[in-house]
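# Analysis of the macromolecular model
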Amino acid sequence: MKRPQRSYLLDTLESLFYSSSLSEQKHFIVLVHLADPDPMWHSQMISNISTIFKPYIQASQLVVINTPLKSYLPLKSLKRNFNDTPTYVAFRSKRNMDYAFLMNFATNHSDYFLMIEDDVKCVPGFVTQIATTVSAWENKPWVTLEFSPLGFTGKLFRTKDLPCFVNFLLLFYQEMPCDSLLSHFHDLLMQQTPVQFLPSLFQHMGNYSSSEGKFNSLKDIEFEEDDISSPNNPAASIYTSLKATNDSVPMNAYSLNRNFFYAKSAEAGRHLTVVLDSPANVFRVQVLTGSDLKGENQLKEGQIELGYSYTNQINDCDDYILLGLLVNGILNKQVLSNKSGKKDLHAEDPVENYKEEVGTVGLLDENNQGFFITDCKRVL
């Protein structure tokens, strides 16, 4: 929508594409709904998008749509359920229909639909992080997976569920804002608790709302911009199937000094495993690979798993859950855990506290050769 002070749409589009690698861009299409009725703004925005993002349009990675006003339901004499002004009621009612038309168009274009608003920036590698989460939740029941707590941003749907939600939005378009309608939609489909993942992958960047030009300083406090904070690694034992070079020892990968662990080769299936000496609640996992001096030897591919339900095995756990993939040789992931003593996983609480935490790192660099691992970190 048009904003009286300034538009953030072009910034949002830049963030979407520039925060994604070329390989990641092959797996998504950006769909933009220009929903403001102002024809001059509409023409100018199309011109700007066509000029700046021409390669993405030509590659069918960016699609822009518009819905004529005659397709909208009435926007006069609407219900005022929350004592909102008539102007705001009309704004949020139209916005519900804007989203409905956007989702209706997206239904046949992909397996999943990620909703973001037009004034956000993305964390680098957000596509891979979402894909990893979707893979882990593939066989679990959910209506939406939430990668940001802000409004309607960062909500992931299965596209097969979109037609029902589109009808729901249109049926109750004048009742309440879209995020409130989504909450009720969750209740109807028996998702009583939001499935949220932290840190957030999207941050609000604008200062002005598209509603009457109001100032809006909303920020997501859970959003992190490449922040590798100081860790607090508990005592642990390290096991690895990698062949160390010279006097390099696996514990150097976990210690908090400047030493590093260097291996001769990194073949698929090799691992480095950290077993905590005592049970602990793990709140964050950070893994850094590569040389601090030159930024070389970063792992091209690797995955980090968390183990739980420890029994009597010395260096292994009964079960693992995929925490994430390395992006540019780095993983910095918060673990959601607020209960203890669980032996199984539930849709509303995908990662429970771990009896004995084990992190494994699958290892492979660009040339299938040696690499550095510096500080595989566990922050409690």
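Not measured: the values here are computed from a predicted model.

This paragraph deals with the overall build of the chain. Assigned secondary structure in the chain consists of eight helices and 19 strands. Out of the 380 residues in the chain, the part that is buried amounts to 50%. Taking all contacts inside the chain whose residues are at least 6 apart in sequence as the whole, residues at least 24 apart take part in 71%. Split by element, the accessible area of the chain, about 18,800 Å² in all, is 50% carbon and sulfur.

For arginine 158, the position within the fold is in strand S6 (residues 155-158). Judged by relative accessible area, arginine 158 falls into the buried class, the value being 13%. Residue contacts for arginine 158: discarding those within four places in its chain leaves Asp111, Tyr112, Trp137, Glu138, Lys140 and Trp142. At 3.3 Å, the side chain of arginine 158 forms a polar contact with the backbone oxygen of lysine 140. Polar side-chain contacts of arginine 158 include one of 2.8 Å to the backbone oxygen of tryptophan 142.

Before going further, it helps to examine the sheet that holds S6. Strands in a sheet are paired, the pairing made by backbone hydrogen bonds, and the direction either parallel or antiparallel. The strand order across the open sheet formed by four strands is S3-S6-S5-S7, and the pairing between neighbours is mixed. Looking at strand neighbours, the two that pair on one side only are strand S3 (112-115) and strand S7 (195-196), the edges of this open sheet. Here strand S5 (residues 144-146) runs beside S7; their pairing, made up of two bridges, is parallel. The residue of S7 that forms the bridge with leucine 145 is valine 195.

Once that is clear, we can look at the nonpolar core. Membership of the largest hydrophobic core comes to 32 residues, with the highest contact counts inside it found for Leu13, Leu62, Phe126 and Leu145. Of all the secondary-structure elements, those providing two or more residues to this core are helix H1 (9-18), strand S1 (30-33), helix H3 (39-52), strand S4 (120-122) and helix H6 (126-136). Here this core gets five residues from one element, more than from any other, and that element is H1. Among residues more than four places away in sequence, those in contact with leucine 145 are Thr133, Val134, Trp137, Gly154, Lys155, Leu156, Val195 and Phe197.

Here we come to the confidence of the model for the chain. Interpreting fine coordinate detail is not advised for predicted regions of low pLDDT. For the chain, the average pLDDT comes to 79, and 78% of its residues sit at 70 or higher. When pLDDT is averaged over each helix and strand of the chain, the minimum, 34, is found for strand S18 (residues 364-365) and the maximum, 98, for S3.

To continue, consider helix H8 (residues 178-188). Residue pairs three or four apart in sequence face the same way in an α-helix, which turns once every 3.6 residues. Residues of H8 that are buried: Cys178, Leu181, Leu182, Phe185 and His186. Around the axis of H8, the buried residues are gathered within 150° of arc, so they sit on the same side. On its buried side, H8 packs onto helix H5 (86-106), S5, S6 and helix H7 (162-171). Of the residues flanking the end of H8, it is methionine 190, one or two places downstream, whose phi is positive at about 70°.

Counted by the stated rule, this structure contains nine salt bridges. Of the charged contacts in the structure, one is a salt bridge between arginine 92 and aspartate 84, with a shortest N-O distance of 3.4 Å. Both residues of the pair, arginine 92 and aspartate 84, belong to the buried class. Linked by salt bridges that have partners in common, Arg3, Asp118 and Asp119 make up one network.

The amide bond that connects leucine 198 to the next residue, proline 199, takes the cis arrangement and shows omega of 0°. Within the secondary structure, proline 199 sits in the loop between S7 and strand S8 (202-204). Phi angles above zero are rare outside glycine, and serine 60 is one such case at about 60°. Checked against the element boundaries, serine 60 lands in the loop between helix H4 (54-58) and strand S2 (62-65).

What follows deals with the packing of H7 against H8. As a packed pair, H7 and H8 sit with axes 11 Å apart at the nearest point and diverge in direction by 130°. If you check the angle between H7 and H8, you find them oblique. The two elements H7 and H8 cross, and the hand of that crossing is right-handed. Contacts from Cys164, Phe165, Phe168 and Leu169 of H7 reach H8 at Leu181, Leu182, His184, Phe185 and Leu188. Looking at the contact of H7 with H8 residue by residue, the classes come out as eight nonpolar, one polar and no charged.

Let us look at H7. Three or more residues of H7 are buried, namely Leu162, Phe165, Val166, Phe168 and Leu169. Projected down its long axis, H7 carries its buried residues within an arc of 160°, all on one side. Pointing more than 90 degrees away from the buried face of H7 are the exposed residues Cys164, Asn167 and Leu171. Buried-residue contacts for H7 involve H5, S3, S6 and H8.

Following the sequence through the fold, serine 278 ends up in the loop between strand S11 (272-276) and strand S12 (284-289). Once the C-alpha coordinates of serine 278 and alanine 236 are considered, the two residues, 42 residues apart in sequence, prove to be 7.9 Å apart.

Time to look at the side chain of threonine 153. Along the chain, the position of threonine 153 falls in the loop between S5 and S6. Polar side-chain contacts of threonine 153 include one of 3.1 Å to the backbone nitrogen of glutamate 117.

About the thresholds
- Residues numbered from 1 in each chain as written.
- Predicted model: local features only at pLDDT ≥ 70, side-chain atom pairs only at ≥ 80, totals over all residues.
- Heavy atoms only, no water.
- Helix = DSSP H or I, 4+ residues; strand = E, 2+ residues; numbered from the N terminus.
- Buried < 20%, exposed > 50% of the residue type's maximum accessible area, 1.4 Å probe, protein only.
- Contact = heavy atoms within 4.5 Å.
- Areas by Shrake-Rupley, 256 points an atom, 1.4 Å probe, with all protein chains shown as cover.
- Polar contact = N/O pair within 3.5 Å; in protein donor to acceptor, adjacent residues only side chain to side chain.
- Pairing = 2+ DSSP bridges.
- Core = buried A, V, L, I, M, F, W, Y, C linked by side-chain atoms within 4.5 Å.
- pLDDT = per-residue confidence, 0-100.
- Arc of directions from axis to C-beta.
- Salt bridge = Lys/Arg side-chain N within 4 Å of Asp/Glu carboxyl O.
- Axes fitted to C-alpha atoms, helices over the stretch in contact; angles between N-to-C directions.
- Parallel < 35°, antiparallel > 145°, perpendicular 65-115°, else oblique.
- Left-handed = near helix turned anticlockwise from the far one by under 90°.
- Nonpolar A, V, L, I, M, F, W, Y, C, P; charged D, E, K, R; others polar.

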